[in-house]
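# A look at the structure
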Amino acid sequence: MNNKEAVMDIKYRVNGLIPKFYVIMKIIKKRKYISKALAYLFLSVGASVMITPFLWMIGTSLKSLHEVFVFPPTLFGEQLRWENYLRISDRFPFLQFFFNSLRITVVVVISQVLTSSMAGFTFARLRFKFRDHLFALYLATMMVPVHVTLIPNFILMRHLGLIDTHASLILPALVTAFGTFLMRQFFLTIPAALEDAGKIDGCTPFGIYWRIFLPLSKPAVATLSVFVFMGMWNQFLQPLIFINTKDLMTLPLGLAFTQGFYSTDWPVLMSGTVLSLLPVIIAFLLAQDFFIRGVTLSGLKGE
Amino acid sequence: MAILKGNKLVLGIVVAVIVLGLVLGGITLTRPPAEPEDIAAKPVAEDPAEEPAEEEEAAAAAVTLHFVGWEASPLETESIRKGLDAFMTQNPNITVEYTPVPHAEYETKLITSMAGGAGADVFFVGAELYRSLQLKGQLLDITEYFEAEFELDYFIPSAVSIMLINDRIYGVSSSTVSPILFYNRDIFDKAGLPYPPKNPDEAWTWDEFVEIAKQLTIVEAGETTQFGVFGLENPAWPYMKIAMFLSNEGNVFNEDFTRTTLNTPEVKEVLQSVFDLREKYGVSPEALLLEQLGMSPSHMLQTGRVAMLIDGSWALQQLAQMDFPVGIGVLPKFDSAVTHGQAHLHSAWIDTPNPYEAWKLISFLSSEEYQLDLIHSGLWMPNRTALYTEEGIARWFNPDVHPEGFMDVVPFIRDAIAYPPAFNVRPAAMDIIAEELGAFFDGGKPLNETLADIEIRVNEELAREQ
Amino acid sequence: MKQIKLKRILYSDTTWAFVLLLPNFLGFLIFLIIPMIISFGMSFVSWDLFGPVRWVGFDNYIELFLEDQVFRRVFWNTMYFTAVTVPIGIVLSLFLALAMDQKIIGIKFFRIAYFMPVISSMIAVAIVWQWIYNPEFGLLNYFLGLIGIEGPSWLSDVFWAMPAIIVVSIWQGLGFNMLLFLAGLQGISEVYYEAAEVDGAGWFEKFWNITIPLLAPTTFFVMVMAAIGAFQAFDAVYLMTAGGPARATSVLAHYLYQNAFQYFRMGYASALAYVLFFIVLIFTLIQLRRQRSWLL
């Protein structure tokens, strides 16, 4: 069937479903709990679409190479080859890359959280000239595509002799407009009463920040941390361009490098991919509760 | 916007910023161009004969060389590492750090590392990038080193013409590879058809080729279970098709590479014929991008999905490892039985702190000792004329890898024409060609229009001031 | 006197604003503002990364807008991509959020499931989806085959390649947008719904007249962020199709990359980068006009 026929076919099948849809809608209006069941169904279908690729990934990581190209597709091979996970180190020094990624990510997360909270507090609570103009500038920079700054950053790093160092990846990532925005929104929701109490006790603005606002901002900090962690951990383009020496490379590069030009060891590649996902999942799990609260409280709903 | 209204201060700042940008942009980018005299004046000027004296002192000093290449297959990387171990044993003061970079990212990596002042000492250069990089002054002129150890005559013609730029050498060709015809012997046996010819003098004409392909295409219940041939159509990379252009006396570029010659009846005939393989005769499946597949064309041949495969000779390494009787033959011809040849070169970076050691590595990589292993495995074909004599062939021939009758095919590869795009210095031009051919093969664009557009756009690109 | 002055400084907002903002602002200046300015300057030159810089004035922009037919294709592709990805993504994530808002067992499981694509590296996503889209052995064509449809060779089909990339993009972003909507939904006070029920409103009326309007700031934020991301989309294209086939999936960010790192045209690439920037800027300003409240 060519494209046109395939599309017509789908249209035909979908059209048949519409009368059934109306009937379902009527039933919903009468019984509230059906809406919950529907929601459940909807969510489950969606969740399976989300998860299936990952199941596939895990399954393939446990197969042997020739079991990968089979039709019809199978989830698992004949045996579960856990040794594929050990073979990753043959392709690239997994642990080394892992720690490189970890080091860079942790440094950046800490730095971004600190500088963003300081800046966010400043914009939320302190009064000074040009404050709102400056904030608008910050917001504007969120719109700048990464490619606009990539080349000049590259040139800058070259001038500083920092090409092929972790510094070239860390420095441009030390601050973030998004983080500033997030923290500012969050700080806006803290009642002024607390701030006044601080002032009465004789705190400097810094004291208010350090002793009152920062401790309260755990949800927002958790949120920001997860976002930043995710971004830095998975960053691909910058390490590709800035890092040359194998010892300094990061995990995404390692994964990309297991793809050969002509043939790829798919199971090993998949196992490497699965392993590289774990830290982010763990980070997410740990921060989950704070994370959800943080998003809620950061005033994104705005009223 | 109320912020900006009537605020002269802000306006002043904006103007100052723009001016600053223009100035900064100019200053930061300035880098003294590498003039040809500079390049020649670099270490190469030293007469290698004088080297030994310095060498003894230098031999004591430990040197680390960074070597990058791309990985065609895990097997290749293994061969390279083995070779490097041998090199390091022979040269105890040199440590080589080899970093394979995935092919898709290789060019970017090479260019950015050089631009960042951190180029590798020795590296692979694809034949298509070689001239561009030399033009940018990034390759070390190794002519004197080369002439002290090698003769141009040692190499096959296609390799020589690629290596030489204005009579100087900036890299040594690693091997040679060419498009060639592979086939599944079992399928031919089952069909009772004669094997594809191995002698270029007996090459099939295109029509004979199509006939055989038709007979080898099996359709069961409306579905094609076996295709006659695959491999000519991959448009994103016109590699295989160019061999057929050459066979029909057509070419991609004119003699001095200032214009494209794709809009000619010869090329048109080839493109139409390849297209007909799929559309008119149904002997070829829909083109699947190689990177896309996850399963290489080799698997298609092995599983009997296709009877004949037109692919680069490098595929032999993988095909030989699969458990099926694979055969090799020359390409069908339109006018003359030819194929093209090229291979990546090994070059050194112009700013390498250790040019002499870099040359030693390149010399080793160009040695028979190193190359034989890879030729043995079927990945490479030799680019030395000496290895194409009878005794020469015996040195690398591997009955486990090279199929029966391979000896007859060997001259076909030795006499290959140098791959035309290797002489083009505008990468964008090849992308335009790939894009337009893609529109023709997959997007239903009429052939005449496609070729006319290619002509206009590529000529524009070639004429553009750099 | 001096003591009072010192105290004044110590307690002044402006002082601390300066101190607290300094590290952040410095980083900004050096790695964001200045590169932006340099990039702007570079868009007026021709430079191949190695040789001399040549001033060309507006030539890059003229070529871009008037002569480069690849740019037109690429621009169209980017608009197509954004126009499909953003609305579909938003609608789907909104419905998902509505569904998640009900008290359901196993919500933690669902949260992880939806967030997995978001936290995965693009490399992992690209690899897995290339597999799924594989015409011979992939999951998608297998399922389609089960219901009797012969799937095309997705990523190498001129017509289907872009939709294929769009699907991956939406898939990856759903969890994130859903979360934002969820937060927004949870911020809508129950009072409104109760009042509406008293007036006899049904499910649809509640949804249309309460949820949607009160969700506006969130929707606005999600839409702008999604659009900004979509305009700049690069990874999926680079990793999965390299702009092909026949430039069917070539988007602006990818074309920019090619010019900078494959065609030796830094100046032209910078001009492209600035065009991209202005597209994003204009879009955001238009949305801002429509809704000022999100800033506060």
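Residues numbered from 1 in each chain as written. Chains lettered and ligands numbered in written order. Predicted model: local features only at pLDDT ≥ 70, side-chain atom pairs only at ≥ 80, totals over all residues. Heavy atoms only, no water.

## Description of unusual backbone geometry
Residue and element names in this part refer to chain B. Positive phi is not limited to glycine here, since N166 has a value of about 50 degrees. Checked against the element boundaries, N166 lands in the loop between β4 (164–165) and β5 (168–169). According to the relative accessible area criterion, N166 is exposed, its value standing at 70%. (Helix = DSSP H or I, 4+ residues; strand = E, 2+ residues; numbered from the N terminus. Buried < 20%, exposed > 50% of the residue type's maximum accessible area, 1.4 Å probe, protein only.)

## As for the interface of chain A and chain C
Listed as interface residues are 112 residues of chain A and, on the opposing side, 106 residues of chain C. With both sides pooled, the region where chain A packs onto chain C buries about 9500 Å², and carbon together with sulfur makes up 78% of that total. For chain A, the biggest contributors to the area lost against chain C are L43, M50 and M143 of chain A; these three give 8% of the whole. One can count zero salt bridges joining chain A with chain C. The tally of links between chain A and chain C comes to eight residue pairs in polar contact (both at pLDDT 80 or more). Residues that form the side of chain A that touches chain C fall into these classes: 78 nonpolar, 23 polar and eleven charged. (Contact = heavy atoms within 4.5 Å. Buried area = accessible area lost by both parts, 1.4 Å probe. Salt bridge = Lys/Arg side-chain N within 4 Å of Asp/Glu carboxyl O. Polar contact = N/O pair within 3.5 Å; in protein donor to acceptor, adjacent residues only side chain to side chain. Nonpolar A, V, L, I, M, F, W, Y, C, P; charged D, E, K, R; others polar.)

## Here's the deal with the domain arrangement of chain C
On domain assignment, one finds that chain C holds domain 1 (2–37) and domain 2 (59–295). Here the C-alpha centroids of domain 1 of chain C and domain 2 of chain C sit 37 Å apart. (Domains from an automatic or database assignment.)

## Brief notes about the nonpolar core
Core analysis: the largest hydrophobic core is formed by 348 residues, its most contacted members being F67, F123, F182 and M308 of chain B. When residues of this core are assigned to their parent elements, the largest contribution, 14 residues, is made by helix α8 (residues 161–186) of chain C. (Core = buried A, V, L, I, M, F, W, Y, C linked by side-chain atoms within 4.5 Å.)

## Considerations on the sheet that holds strand β1 (residues 63–70) of chain B
All names here are of chain B. Pairing in this open sheet of five strands is mixed, and the strands run β2-β1-β3-β13-β6 from one edge to the other. One side of each edge strand has no neighbouring strand; the edge strands of this open sheet are β2 (94–101) and β6 (172–173). The pairing of β6 with strand β13 (residues 345–348) spans two bridges and is classified as antiparallel. Each bridged residue has a counterpart across the sheet, and for S173 the counterpart in β13 is L345. Against the sheet, helix α4 (residues 74–90) contacts β1, β2 and β3 (122–125), and its axis sits at roughly 170 degrees relative to β2. Contacts from helix α16 (residues 355–365) reach β1, β2, β3, β6 and β13, with the element oriented near 45 degrees to β1. (Pairing = 2+ DSSP bridges. Axes fitted to C-alpha atoms, helices over the stretch in contact; angles between N-to-C directions.)

## Side note on the pattern of salt bridges
The final tally for this structure, using the stated rule, is 20 salt bridges over all chains. With a closest N to O distance of 2.7 Å, R168 of chain B and D141 of chain B form a salt bridge. Placement of the pair is R168 of chain B in strand β5 and D141 of chain B in the loop between α6 (127–135) and α7 (143–149), with a sequence separation of 27 residues. Residue R168 of chain B is classed as partly exposed on the basis of its relative accessible area of 25%. Under the relative-accessibility criterion, D141 of chain B is labelled buried at 2%. Beyond isolated ion pairs, a larger network of salt bridges with shared partners links E435, E436, K445, D453 and R457 of chain B together with R247 of chain C.

## Re the confidence of the model for chain C
Here chain C averages 84 in pLDDT, and 97% of its residues register 70 or above. With a pTM of 0.83, the predicted complex shows an ipTM of 0.80. (pLDDT = per-residue confidence, 0-100.)

## Notes on the pairing of strand β11 (residues 326–329) of chain B
Residues and elements named next belong to chain B. The alternating pattern of β11 places V326 and I328 and G327 and G329 on opposite faces, both of which are buried. Examined bridge by bridge, strand β7 (residues 179–184) and β11 share four bridges and lie antiparallel to one another. Looking at β11, one finds that Y183 is bridged to G327.

## So, the environment of I241 of chain A
With respect to the helices and strands, I241 of chain A occurs in helix α14 (residues 237–242). Sequence-wise, I241 of chain A and S89 of chain A are 152 residues apart; in three dimensions their C-alpha atoms are separated by 23 Å.

## Here we look at helix α4 (residues 69–101) of chain C
Quick reminder: α-helices carry 3.6 residues per turn. Residues three or four places apart thus point the same way. If you check α4 of chain C, its first and last C-alpha atoms are 48 Å apart, about what 33 residues at 1.5 Å a residue would give, namely 48 Å. Between the side-chain oxygen of the N-cap and the backbone nitrogen of V70 of chain C there are 3.0 Å, and the N-cap of α4 of chain C in question is D68 of chain C. (Expected span 1.5 Å × (residues − 1).)

## Considering the confidence of the model for chain B
Here chain B averages 82 in pLDDT, and 84% of its residues register 70 or above. Throughout residues 289–294 of chain B the model reports pLDDT below 50, and contacts reaching past four residues in sequence, or to other chains, amount to 16 contacts.

## As for the packing of aromatic side chains
Within the structure shown, the criterion is met by 75 aromatic pairs over all chains. Consider the rings of F154 of chain A and F242 of chain A, whose centres lie 5.9 Å apart with planes at 50 degrees: the pair is tilted. With F154 of chain A in helix α8 (residues 146–160) and F242 of chain A in helix α14, this residue pair connects regions lying 88 residues apart in the sequence. Here F154 of chain A matches F242 of chain A in class, with each residue buried. Seen from their ring centres, F40 of chain C and F44 of chain C are 5.4 Å apart, and the 85 degrees between their planes marks the pair as edge-to-face. Looking at F44 of chain C, the relative accessible area reads 9%, which means it is buried. Through a chain of ring-to-ring contacts, the aromatic side chains of F40, F44, W55, F58, Y61, Y274, F277 and F278 of chain C assemble into a single cluster. Cation over ring: R184 of chain A sits above F135 of chain A, and NZ or CZ is 4.1 Å from the ring centre. The positively charged end of R265 of chain C is found above the aromatic ring belonging to Y268 of chain C, 4.3 Å away from the centroid. (Phe/Tyr/Trp six-rings, centres within 6.5 Å; stacked < 30°, edge-to-face > 60°. Lys NZ or Arg CZ within 6 Å of the ring centre and 35° of its normal.)

## Some details on the sheet that holds strand β9 (residues 223–230) of chain B
Residue and element names in this part refer to chain B. The five strands lie next to each other as β8-β9-β10-β7-β11, forming an open sheet whose pairing is mixed. Both edges of this open sheet fall to β8 (218–220) and β11, since each of them pairs with a single strand only. Adjacent strand axes in the sheet meet at a mean angle of 25 degrees, parallel and antiparallel pairs treated alike. Pairing of β8 with β9, which is carried by three bridges, proceeds in the antiparallel orientation. Each bridged residue has a counterpart across the sheet, and for E220 the counterpart in β9 is E223.

## Considerations on a nonpolar patch on the surface
The grouping of F18, V19, L22, L26, L29, I30 and I34 of chain C at the surface amounts to a nonpolar patch, some 550 Å² of accessible area in total. Assignment of secondary structure puts F18 of chain C in helix α2 (residues 13–42). (Patch = residues over 30% accessible without salt bridge, like charges linked within 9 Å, V, L, I, M, F, W, Y side chains within 5 Å. Areas by Shrake-Rupley, 256 points an atom, 1.4 Å probe, with all protein chains shown as cover.)

## Some thoughts on the pairing of β2 of chain B
All names here are of chain B. Extensive coverage of β2 is indicated by the burial of six of its eight residues. Bridge count for β1 against β2 is eight bridges, and the pairing is parallel. Each bridged residue has a counterpart across the sheet, and for G69 the counterpart in β2 is P100. What joins β1 to β2 is α4, and the crossover it makes is right-handed. (Right-handed = clockwise from strand over helix to strand, strands pointing away.)

## What to know about a negative patch on the surface
Residues and elements named next belong to chain B. A cluster of acidic side chains, namely D207, E208, E249, E266, E269 and D335, defines a negative patch on the protein surface. Topologically, E208 is positioned in helix α10 (residues 206–215). Judged by its relative accessible area of 41%, E208 falls in the partly exposed class. (Lys, Arg positive; Asp, Glu negative; His and termini not counted. Charge placed at Lys NZ, Arg CZ, Asp CG, Glu CD.)

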